[in-house]
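Working through the structure, step by step
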Amino acid sequence: MLSETVAETAAPAGSRFQLRFEAGPQAASFAEDVRRGLTAAPKVLQPKYFYDALGSRLFEAISELPEYYLTRAEAEIFRDHAGEIAGALDGRLRVIELGSGDAQKTRLLLEAVIARQGELDYLPIDISRSAIEQSGDRLLLAYPELRVTAYVAEYQAALRSLCGEPLPPGVHRTLVLFLGSTIGNLDPQERAELLRDVRALLRPGDGLLLGTDLKKEEAVLLAAYDDALGVTAAFNLNLLLRINRELGGEIDLATFRHRARYDRERGRIEMHLESRREQLVPLSGLGLEVGFAAGETIHTESSYKFDRDQIADLAARTGFDLRRTWTDSGRRFGSHLLVAR
Ligand code: AVI
């Protein structure tokens, strides 16, 4: 389906902050996706629905957990190597970030780029207007040399709109950031499509910095997705709470449990919600009743883990070369610089 693109600028002219809204193709609603997912076999819900207000806060809490090393490991890479990363592409950069959220780790990179070139155009893309406005405000306060053009949009819609725009004067290169191993939540086909969309925006020599979790012992991975405090369990179960709240469901949360398992062959952690007993779950708002067998699960997320060869292969298939990988001292996480061919 062709998208209708609406771009608005919601900032006074001359300010260092611009907000744009890009409407992509009409996405299915939460209600439609829940109906489809819970009447499918096997049952499935998309991980993008984790991130309502409570889910976003639970994810922030996950990042603080001792078992969930990903956020800290990536921050360590940026603390140790931001200067090298910022200098890896020649010429003056602009930085585009996919899924910027609170842009906490990104600050280390932005600071390093500003230190090299004195000023910077930063273009964060996120579907959460509040996250993008708050982080934009904080960044502009901290860095007077920064200009922010923020896109409240799905990645694809914003990338497509950016494709038509010329580079700002004095900018030679684009560096796209896709951090936090968010790419690991996409299936192989979606992942390649997204990288091709990024590649379409770039010119030869431009870069994509891709953060990915790395393959490691199963026990470490499982603990990261099934922590002792039960925060990840709450993050997962919050999907059912959201269905109750937004779609008039009457799901008894106590009849489901969080499950994390590692599928070694596919190289992915899977999160599931498992019914503790046989039951009929009423979803009155959808005019639907969903039957569960005891032990039956809803697959709520896949989180793929990678090795360097897989990233090199993905890069080659999507129009990039893998130029360099930085890892943290524990070699748990990788920041890969892909350069457009
Ligand atoms: C956002 N994403 C990279 C996280 C991950 O590790 O796959 C989401 C998450 N799910 C459970 N814990 C964290």
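So, here is what we can say about the structure in this document. Owing to the predicted nature of the structure, the values given are computational and were not obtained by experimental measurement. (Residues numbered from 1 in each chain as written. Predicted model: local features only at pLDDT ≥ 70, side-chain atom pairs only at ≥ 80, totals over all residues. Heavy atoms only, no water.)

Here's the deal with the environment of Ala 158
Checked against the element boundaries, Ala 158 lands in helix α6 (residues 155-163). The exposure class of Ala 158 is buried, given its relative accessible area of 0%. As for Ala 158 and Glu 301, which are separated by 143 residues in sequence, their C-alpha atoms are 24 Å apart. In this structure Ala 158 touches Glu 22, Ile 125, Tyr 151 and Ala 153, once residues within four positions along its chain are discounted. (Helix = DSSP H or I, 4+ residues; strand = E, 2+ residues; numbered from the N terminus. Buried < 20%, exposed > 50% of the residue type's maximum accessible area, 1.4 Å probe, protein only. Contact = heavy atoms within 4.5 Å.)

Digging into the sheet that holds strand β8 (residues 256-263)
Here we have four strands laid out as an open sheet, ordered β2-β12-β9-β8, and mixed in their pairing. Each of the sheet's edge strands pairs with one partner strand only, and the pair in question is β2 (43-44) and β8. Pairing of β8 with strand β9 (residues 268-275) involves eight bridges; the strand directions are antiparallel. Opposite Arg 259, over in β9, you have His 272 as the bridge partner. Sitting on the sheet, helix α9 (residues 231-247) is in contact with β8, β9 and β12 (297-304), with an inclination near 55° to β9. (Pairing = 2+ DSSP bridges. Axes fitted to C-alpha atoms, helices over the stretch in contact; angles between N-to-C directions.)

Structural notes on the sheet that holds strand β5 (residues 146-152)
In a beta sheet, neighbouring strands pair by backbone hydrogen bonds and run either parallel or antiparallel. Sheet architecture is open: eight strands sit in the order β1-β5-β4-β3-β6-β7-β14-β13, paired in mixed fashion. Looking along the sheet, the strands with just one partner apiece sit at the ends: β1 (17-21) and β13 (320-327). Between one strand and the next, the sheet's axes are offset by a mean angle of 20°, whatever the strand orientation. As paired strands, β1 and β5 are joined by five bridges and run parallel to one another.

Topic: the site of the ligand
Every one of the 14 residues lining the ligand counts as a neighbour, but Tyr 68, Asn 185, Tyr 225, Glu 301 and Ser 303 are closest to it. Side-chain polar atom of Tyr 68 to an oxygen atom of the ligand: 2.5 Å apart, as the coordinates give it. Take Glu 301: an N or O atom from its side chain is 2.7 Å from a nitrogen atom of the ligand. Calculation on the ligand without its partners gives an accessible area of 340 Å², and the protein chains cover 97% of this total. Every element with two or more residues in the shell around the ligand is listed here: α2 (53-64) and β12. Its residues assigned to classes, the shell around the ligand comprises eight nonpolar, five polar and one charged. (Near = heavy atom within 4 Å. Polar contact = N/O pair within 3.5 Å; in protein donor to acceptor, adjacent residues only side chain to side chain. Areas by Shrake-Rupley, 256 points an atom, 1.4 Å probe, with all protein chains shown as cover. Nonpolar A, V, L, I, M, F, W, Y, C, P; charged D, E, K, R; others polar.)

Notes on the packing of α2 against α9
Orientation of α2 relative to α9, taken along the N-to-C sense of each, is 170°, at an axis distance of 9 Å. Here α2 is positioned roughly antiparallel relative to α9, judged by the angle of their axes. Only Val 231, Thr 232, Ala 234, Phe 235, Asn 238 and Leu 241 of α9 make contact with α2, whose side of the interface consists of Leu 54, Gly 55, Leu 58, Phe 59, Ala 61 and Ile 62. Residue classes in the contact of α2 with α9 are distributed as nine nonpolar, three polar and no charged. (Parallel < 35°, antiparallel > 145°, perpendicular 65-115°, else oblique.)

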